[in-house]
Amino acid sequence: MKKQMKKDGLELEVGDNANEDTSAHKHGVVELSGLLDATCDTQTKMVKMSALNHLMSTHVLQHAQQIECLYDRAVEATKNVEMGNKEQTQAHTEEQQ
């Protein structure tokens, strides 16, 4: 037979014999051990995810800087082509005169 006891606001079931209490205690320890293992596994995965997130963020920043550099070079090349076209048109016009 089990008794209900209250201690510090918690309800506890206590068995009449030591075997019931020991069995319940062992079951509780096994359950808590499983929860601890799952928690540690989750923590390890979160640390790995954090490291991968940092690595990805670093690479995205580097790519953004490279894209900005390519954009600046493309703008400069476009200006050079436009200037070259103007000079070529001007030279062609002077040639015809």
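If you're wondering where the values come from, they're calculated on a predicted model, not measured in any experiment. (Residues numbered from 1 in each chain as written. Predicted model: local features only at pLDDT ≥ 70, side-chain atom pairs only at ≥ 80, totals over all residues. Heavy atoms only, no water.)

A.B. asks: An account of the overall build of the protein is requested, with residue identities and associated values reported.
C.D. replies: Looking only at helices and strands, one finds one helix and two strands in the protein. Going from N to C terminus, the protein has its helices and strands arranged as β-β-α. About 9200 Å² of surface is accessible on the protein, with carbon and sulfur atoms providing 59% of the total. (Helix = DSSP H or I, 4+ residues; strand = E, 2+ residues; numbered from the N terminus. Areas by Shrake-Rupley, 256 points an atom, 1.4 Å probe, with all protein chains shown as cover.)

A.B. asks: Can you break down the pattern of salt bridges residue by residue, with the values?
C.D. replies: Evaluation of the coordinates by the stated rule reveals one salt bridge. Here D41 makes a salt bridge to K45, at a shortest N to O gap of 3.3 Å. Here D41 pairs with K45, and both are found in helix 1 (residues 18-96), just four residues apart, close to one helical turn. Classification of D41 by relative accessible area gives partly exposed; the value is 39%. With relative accessibility at 49%, the residue K45 sits in the partly exposed group. (Salt bridge = Lys/Arg side-chain N within 4 Å of Asp/Glu carboxyl O. Buried < 20%, exposed > 50% of the residue type's maximum accessible area, 1.4 Å probe, protein only.)

A.B. asks: Let's hear about the confidence of the model for the protein: which residues, and what values?
C.D. replies: For the protein, the mean per-residue pLDDT works out to 86, and 78% of the residues sit at or above 70. Taking the mean pLDDT of every element in the protein, the minimum, 55, falls on strand 1 (residues 2-7) and the maximum, 93, on helix 1. (pLDDT = per-residue confidence, 0-100.)

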